[in-house]
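A look at the structure
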Amino acid sequence: DVKVTQSSRYLVKRTGEKVFLECVQDMDHENMFWYRQDPGLGLRLIYFSYDVKMKEKGDIPEGYSVSREKKERFSLILESASTNQTSMYLCASRTTYNEQFFGPGTRLTVL
Amino acid sequence: AQSVTQPDIHITVSEGASLELRCNYSYGATPYLFWYVQSPGQGLQLLLKYFSGDTLVQGIKGFEAEFKRSQSSFNLRKPSVHWSDAAEYFCAVGAESSGDKLTFGTGTRLAVRP
């Protein structure tokens, strides 16, 4: 079975802190994604990566950056966390035909 | 740009009743269509998918969905709902021309009455 893991299930940070969210997949997928999920808004794509060191902006990249140094690992970085970044963050990796497998999510609270 | 509409925000059904969750998409070419389910506090799990061929697709947990090109719809159905089906359901659309991205609907939250 495909496994996508995220480093934390719950995270509490303070405004202005630098935050790292880690995602690891074990199926050698080339494409990986970061979404945020907010009530009533569904999933919105922040960034995605189609290869090591390659990245593309999604629909809402402002305030975020990403890093992909190894194929299996895709990190989301909040350079200076703000309260409006309190959300559920979901990582996914892609197989064929755009099918995506998701991790369990990280619920981030910024105080 | 592609888009997905799930017109029902909340649905409540009685256990044992049938279920239909609506999904309409907007896209010019033949899309790839997906239904995902999310239990509270969890990530998304793929229920079923449509790429081509037979327009009625079967998924896990007794769910099925039918692709209707003329109506731009991909509705999810289950003949008899179980209490464990209470969750949030997301429809998503992708296509070769959109690269690797999926566009998700805003979700339908399903409650099941005992």
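Everything that follows concerns the structure shown earlier in this document.
Presented here is a report on the structure given in the accompanying data block. (Residues numbered from 1 in each chain as written. Chains lettered and ligands numbered in written order. Predicted model: local features only at pLDDT ≥ 70, side-chain atom pairs only at ≥ 80, totals over all residues. Heavy atoms only, no water.)

1. Focus on the interface of chain A and chain B
Contact residues are listed per partner, giving 22 residues for chain A and 23 residues for chain B. For Lys49(B), the salt bridge goes to Glu99(A), with nearest N and O atoms at 2.6 Å. At the level of secondary structure, the elements contributing two or more residues to the side of chain A that touches chain B comprise strand 4 (32–38), strand 5 (42–51), strand 9 (87–94) and strand 10 (100–102) of chain A. Looking at which element gives the most residues to the side of chain A that touches chain B, the answer is strand 5 of chain A, with 5 residues. (Contact = heavy atoms within 4.5 Å. Salt bridge = Lys/Arg side-chain N within 4 Å of Asp/Glu carboxyl O. Helix = DSSP H or I, 4+ residues; strand = E, 2+ residues; numbered from the N terminus.)

2. Points about the nonpolar core
Residues Leu19(B), Trp35(B), Leu47(B), Leu48(B), Phe74(B), Leu76(B) and Tyr89(B) are the most contacted members of the largest nonpolar core, which totals 26 residues. Elements supplying a minimum of two residues to this core: strand 2 (10–14), strand 3 (19–21), strand 5 (32–38), strand 6 (44–50), strand 8 (64–68), strand 9 (73–78), strand 10 (87–94) and strand 12 (108–113) of chain B. Looking at this core element by element, the count peaks at 4 residues for strand 10 of chain B. In contact with Leu76(B), not counting residues within four places along its chain, are Leu19(B), Glu20(B), Leu21(B), Trp35(B), Leu47(B), Leu48(B), Phe63(B), Glu64(B), Ala65(B) and Tyr89(B). Core analysis: the second largest hydrophobic core is formed by 20 residues, Val19(A), Cys23(A), Val66(A) and Cys91(A) among them. (Core = buried A, V, L, I, M, F, W, Y, C linked by side-chain atoms within 4.5 Å. Buried < 20%, exposed > 50% of the residue type's maximum accessible area, 1.4 Å probe, protein only.)

3. A word on the sheet that holds strand 1 (residues 4–6) of chain A
Residue and element names in this part refer to chain A. One open sheet accounts for 4 strands, arranged 1-3-8-7; its pairing is antiparallel. Sheet topology places strand 1 and strand 7 (65–70) at the edges, where each strand pairs with a single neighbour. With direction set aside, neighbouring strand axes in the sheet form an average angle of 20°. Of the pairings in the sheet, the one linking strand 1 to strand 3 (residues 19–25) comprises 3 bridges and is antiparallel in character. (Pairing = 2+ DSSP bridges. Axes fitted to C-alpha atoms, helices over the stretch in contact; angles between N-to-C directions.)

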